[in-house]
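Coordinate analysis (summary)
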Amino acid sequence: MFFVLSKLLTFFLNPLNWILLCLGYAFWTKRPKQKQRFLGISLLLFLVFTNEFLSNQVVSLWENQTAETTISSDSTYEVAVLLGGYHNSDGKPDDGRFVFGDAANRFTQTLELYQAGRIERILLTGGRSDVLERNEAEAPRASQLLQLLGVPDSAIIVEAQARNTHENAMHTKVYLDSLGYDHCLLITSAFHLHRARGCFDKVQISYDAYPVDFRQIETPLTFNHFLFPNTHVPGAWRMLFKEWIGLLAYKIMGYV
């Protein structure tokens with residue numbers, strides 16, 4: 001039930017939906033004051049949630065809380081744990097090819113670490129993430145792609161049951177203990193690392209964190225970032241809201 005509710009909640013975490021709901025009410029209501037009020041709210045929401053400068057400030061603050069790592073450039077690990085979420089199961093073309101989502105850097109930078117000789121094995125954790133479980137589990141698909149890219153099957157560990165970060169940590173703990181690993185490298189997006197740390201700490205996995213897939217902009221922001229709306233910005237807010245609500249829910253459920 002928790003998994004299903006978390007997916008349904010996604011609709012209400014998108015600022016664009018808030019704007020549409022306010023506009024819909026303003027169009028529907030017959031009361032002039034209510035119409036004017038909700039048109040004003042719609043405009044305010046639009047200005048706030050399409051401003052790239054504002055969203056970048058908040059994203060930077062959130063990512064920098066947990067993105068610090070003490071890993072040196074020559075550190076090596078017996079095993080790295082790659083959290084799922086980088087595969088777009090609904091992507092096209094649907095002909096067997098692996099289609100990446102926004103978090104593709106989770107996969108690509110893990111592959112870079114392996115090719116550089118900094119990790120010996122990769123534990124892929126990720127099952128079916130859709131509510132109806134129509135799609136194939138993510139980890140086996142990623143394993144196939146890694147092998148096509150030259151990573152031997154002996155260097156890949158597949159955990160295909162986990163559907164969220166809490167289950168990632170639980171199933172990973174079982175695999176690491178059974179294989180005799182007492183420490184790992186944890187790889188996930190910088191914006192997701194706070195929740196991942198909490199889950200891995202909860203099940204007492206010893207790890208070093210390796211944040212990737214940063215969403216903040218490090219280059220100097222131009223005048224356009226301050227003034228002109230950006231249609232991609234609501235997606236950044238949706239990502240943040242999802243993490244904040246997810247972390248709160250995990251604390252309530254005792255997952256972190």
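Just so it is clear, the model here is predicted, and its values are computed rather than measured. (Residues numbered from 1 in each chain as written. Predicted model: local features only at pLDDT ≥ 70, side-chain atom pairs only at ≥ 80, totals over all residues. Heavy atoms only, no water.)

A few points about the nonpolar core
Counting 25 residues, the largest nonpolar core has Tyr 86, Ile 119, Leu 124, Leu 146, Leu 185 and Ile 187 as the members making the most contacts within it. Elements with a minimum of two residues in this core: strand E1 (77–83), helix H5 (104–115), strand E2 (119–125), helix H6 (138–148), strand E4 (184–189) and strand E5 (207–212). Ignoring sequence-local partners within four residues, the contact set of Leu 185 consists of Ile 71, Tyr 77, Val 79, Ala 80, Val 81, Leu 113, Ile 119, Asp 208, Ala 209 and Tyr 210. With 20 residues, the next largest nonpolar core counts Val 79, Ile 157, Ala 169 and Tyr 250 among its residues. (Core = buried A, V, L, I, M, F, W, Y, C linked by side-chain atoms within 4.5 Å. Buried < 20%, exposed > 50% of the residue type's maximum accessible area, 1.4 Å probe, protein only. Helix = DSSP H or I, 4+ residues; strand = E, 2+ residues; numbered from the N terminus. Contact = heavy atoms within 4.5 Å.)

Description of the pattern of salt bridges
This model, assessed by the stated rule, comprises four salt bridges. Of the charged contacts, one joins Asp 177 and Lys 173 as a salt bridge, the two residues approaching to 3.6 Å between their closest N and O atoms. Remark: Lys 173 and Asp 177 occur in helix H7 (residues 165–179); sequence separation between them is four residues, near one turn of the helix. Under the relative-accessibility criterion, Lys 173 is labelled partly exposed at 24%. Close ionic contact of Asp 213 with Arg 215 constitutes a salt bridge, the shortest N to O distance being 2.8 Å. In this structure Asp 213 comes out as buried when scored by relative accessible area, which is 5%. (Salt bridge = Lys/Arg side-chain N within 4 Å of Asp/Glu carboxyl O.)

Quick word on the sheet that holds E5
Strand pairing within a sheet occurs via backbone hydrogen bonds; the two strands may be parallel or antiparallel. On the basis of which strands lie adjacent, the open sheet formed by five strands has the order E3-E2-E1-E4-E5 and parallel pairing. What marks the edges here is a single partner per strand, and that holds for strand E3 (156–159) and E5. Strand-to-strand, the axes of this sheet are offset by a mean angle of 25°, without reference to chain direction. Where E4 lies against E5, six bridges are found, and the strand directions are parallel. Of the residues in E5, the one forming a bridge with Ile 187 is Tyr 210. Across the sheet, H7 is in contact with E1, E2, E3 and E4; its angle to E3 comes to roughly 135°. (Pairing = 2+ DSSP bridges. Axes fitted to C-alpha atoms, helices over the stretch in contact; angles between N-to-C directions.)

Here's the deal with the environment of Pro 211
Tracing the sequence through the fold places Pro 211 in strand E5. Between the C-alpha atom of Pro 211 and that of Ile 19, which follows or precedes it by 192 residues, the distance is 33 Å.

A word on helix H4 (residues 52–66)
End to end, H4 covers 22 Å across 15 residues, agreeing with the expected 21 Å (1.5 Å per residue, within 8%). Among the residues of H4, Glu 52, Ser 55, Asn 56, Val 59, Ser 60, Trp 62, Glu 63 and Thr 66 are the ones counted as buried. At the N-terminal boundary of H4, the capping side chain belongs to Asn 51, with an oxygen 3.1 Å from the backbone nitrogen of Phe 53. (Expected span 1.5 Å × (residues − 1). Polar contact = N/O pair within 3.5 Å; in protein donor to acceptor, adjacent residues only side chain to side chain.)

What about the packing of H4 against helix H8 (residues 193–202)?
Running from amino to carboxyl end, H4 crosses H8 at an angle of 30°, the nearest separation of the two axes being 8 Å. Relative to H8, the element H4 lies roughly parallel. Contacts from Trp 62, Gln 65 and Thr 66 of H4 reach H8 at Leu 193, His 194 and Arg 197. Class assignment for the residues of the contact of H4 with H8 results in two nonpolar, three polar and one charged. (Parallel < 35°, antiparallel > 145°, perpendicular 65-115°, else oblique. Nonpolar A, V, L, I, M, F, W, Y, C, P; charged D, E, K, R; others polar.)

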